Amino acid sequence: MSGYLLFTALMVAGYYYNITFVQLGLIDLGTRLVGLSETDVSMWMAALALVTLIVAAVTGVTMDRRGWSTTLRTKLRLLFGVVCLQFALTLVAPMIRTVPAFGAWIVFASIGLGVGFPVSFSLAIDLVPVPDRGYVAAAITAIAYFLANAIPLSWSVDVFSQLMVAAMAPGILVLAVLSFASFDRLDAVLDVLGTRHETYGTGRFCHDTQVQARSLAFAVPVVLMFGVFFIDSLGFLRIIDTPSLLLSSWQSPDLSTRLFIAVAHVVGAVMAGVIYANYSLSRVFLWTFALFALTHVMYTSDLRIEAVFPTIAGSGTSPLNPALYAIAVSFYTTLNFALWPDLSTPETVGTHSAIGIGVAGWLATFSSTALALYFQAADLTLLSHLNVVQALSLLLLFGLAVGLYAKRMVELARETGGANA
């Protein structure tokens, strides 16, 4: 139980930090405090993604080659260093007023993020048994998003900084004890957890065949997850920048609306966890792409109806739209937490987590963030922007369905050929 609680707490804290302070807070910091244009901020965000990917790849490969991926204390110490760096960066962020200081902040933040991803995700092989990873991933997703949506906060770097500094301080103390303290009871617990990779290290999708970073078994999920992250950020950042959509959903003054969205996140996470644990990987991807496609069809349909019937434009967006969006987001987030350790062994978990999160997560997220800010700076209308997102989501859904159908046809052809032979 201690392993479950530790992994859940670490991942909830890390993900909450990334979806609030990093993704939303940096945009506010760059535009409002530093005075950069949205196009310039988009370039810095793209740089953050690229440097993070490079650092993550180097860290992941180093972890696997030096054996750090299977040494629990070493991973906890690396994570302690990451959290200390992020604590300092979070503390000073609201004081930044110049472009050079903003650029330096981006570089140091990239280092922290790049080291933190492979380290934190590789802890799954020590702390969470393979059959339970879907359920634990669902719990992480549900808690992080419930907190992010139910707690009313102004989306500014100042507010995020104050909250995260207060939350990270006790976390640093706990990690310091786990990393450096030595007494009998703690050592006994860490010794037990530190040997679990021998039992839990081989992921769910690696038992029948070895999954290599260059194989299709790894490359295809990376590409699909890149598409999911890209679509999510590209649509979400424009939606939350539209007051009529934002104030009727995630920043609604009505607590019941925010709680409705928060509960939708929980429902989506539970559904995704159950499907992931009991069905094939393709089922979760199909559900995710279908939900995103339906969500953006609903958003664009509302906008078209309002254009034809302007009298209903002031009524705001139905909370069903953001609630469905929340379910879709919880699906792919749950998948993201469980997938990379399940595509790995103790010898590859660092590298696979680094590539998976670096490419499919941060590179996709901040590339789409950069594109979303560029669209906005180019005065692309809301409907035109969401039409692009809708087209991409439908294309990915159709492409995945065709790919799965083709794969099944090939399998049947091989079976038939073998039987005839």
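The structure this text deals with has already been given above.
Bear in mind that the values here come from a model prediction, so they are computed numbers and not experimental data. All chains use their own residue numbering, which begins from 1 and follows the written sequence. This being a predicted model, a pLDDT of at least 70 is required before a residue's local features are given, and a value of 80 or more before pairs of side-chain atoms are given or counted; all residues contribute to the totals for chains, interfaces and linings. Each side-chain value is derived from all of the structure's non-hydrogen atoms; neither hydrogens nor water enter the calculation.

Let's talk about the packing of aromatic side chains
- Only centres within 6.5 Å qualify two rings of Phe, Tyr or Trp (six-membered ring in Trp) as a pair; their planes then separate them into stacked at under 30 degrees, edge-to-face at over 60, and tilted for everything else. Counted under the stated rule, the structure contains 19 aromatic pairs.
- A centroid spacing of 5.3 Å and a plane angle of 25 degrees characterise the contact between tyrosine 17 and phenylalanine 21, whose relative ring orientation is stacked. Here tyrosine 17 and its partner phenylalanine 21 are both found in helix α1 (residues 2–33), four residues apart, which amounts to about one turn of the helix.
- Buried means the residue's accessible area, taken with a 1.4 Å probe over protein chains only, is under 20% of the maximum for its type, while exposed means over 50%, and partly exposed covers the values in between. A relative accessible area of 0% means that phenylalanine 21 is categorised as buried. In DSSP terms, a helix is any run of H or I states spanning at least four residues, a strand is any run of E spanning at least two, and both are numbered starting from the N terminus.

Considerations on the environment of isoleucine 231
- With respect to the element layout, isoleucine 231 can be found in helix α10 (residues 216–239).
- Isoleucine 231 gets classed as buried once you look at its relative accessible area, which sits at 2%.
- Pairs of residues are marked as contacts when any of their non-hydrogen atoms sit within 4.5 Å. In contact with isoleucine 231, not counting residues within four places along its chain, are Phe292, His296, Tyr325, Val389, Leu392, Ser393 and Leu396.

Side note on the layout of surface pockets
- Cavity: a set of points on a 1 Å grid over the protein atoms alone where a 1.4 Å probe fits but cannot get out. Pocket: an open set with protein on both sides within 12 Å along at least five of seven lines, its lining residues, like those of a cavity, having an atom within 4 Å of a point. Grid points are joined across faces, edges and corners, and a volume is the space filled by probe spheres set on the points. The computed volume of the second largest pocket comes to approximately 600 Å³.
- Val220, Leu281, Ser282, Leu404 and Lys407 are the residues nearest the centre of the second largest pocket, which is lined by 19 residues in total.
- Secondary-structure elements contributing two or more residues to the lining of the second largest pocket are α10, α13 (281–308) and α16 (382–420).
- With seven residues, α16 is the largest single contributor of residues to the lining of the second largest pocket.
- Its residues placed into classes, the lining of the second largest pocket shows 12 nonpolar, four polar and three charged. Basically, the charged four are Asp, Glu, Lys and Arg, the nonpolar ten are Ala, Val, Leu, Ile, Met, Phe, Trp, Tyr, Cys and Pro, and anything else, Gly included, counts as polar.

What about the pattern of salt bridges?
- Throughout this description, the term salt bridge denotes a Lys or Arg side-chain nitrogen within 4 Å of a carboxyl oxygen of Asp or Glu. A complete count under the given rule lists five salt bridges for this structure.
- Between lysine 75 and aspartate 126 there is a salt bridge, and its shortest N-O distance comes to 2.3 Å. Linking lysine 75 in helix α3 (residues 72–92) with aspartate 126 in helix α5 (residues 124–127), this pair joins segments that are 51 residues apart in sequence. Accessibility classification places lysine 75 together with aspartate 126 in one group, the buried group.
- Here the residues in one salt-bridge network are Asp28, Arg32 and Asp158, joined through shared partners.

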